[in-house]
Amino acid sequence: MSLKREDVLAYLNRDWAGARRHKDASMGHWVEVHGTAAAFRLSDMLLAQVWERARAEKAEQGYAGLIEMRRKLDRAQANRR
């Protein structure tokens, strides 16, 4: 049996979908046990771990995408379209 790209991608997509469902259910249970304040503390800790790297990568890419998104959001909220 030979592996095809489509078969591998289908397996990965199915596997990731299952992992995502499991993570969401596990995190939901964790929040029920520990509360939302603990969930916010956890999210702050996780964000602190990646924020500087993400900010540096975005600065390297430039902010053109963010500026364009801001324009689109402004246009979407305008009274006249």
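Quick note: structure is the one above.
These remarks concern the structure in this document. (Residues numbered from 1 in each chain as written. Predicted model: local features only at pLDDT ≥ 70, side-chain atom pairs only at ≥ 80, totals over all residues. Heavy atoms only, no water.)

Right, let's get into the pattern of salt bridges. Evaluation of the coordinates by the stated rule reveals four salt bridges. With a closest N to O distance of 3.2 Å, D24 and K23 form a salt bridge. We classify D24 as partly exposed; its relative accessible area is 38%. Where R70 meets D74, a salt bridge forms, and the shortest distance between an N and an O atom there is 2.7 Å. With R70 and D74 both in helix 3 (residues 64-77) and four residues apart, the pair spans about one turn of that helix. Residue classification places R70 among the partly exposed residues on the basis of a relative accessible area of 42%. (Salt bridge = Lys/Arg side-chain N within 4 Å of Asp/Glu carboxyl O. Buried < 20%, exposed > 50% of the residue type's maximum accessible area, 1.4 Å probe, protein only. Helix = DSSP H or I, 4+ residues; strand = E, 2+ residues; numbered from the N terminus.)

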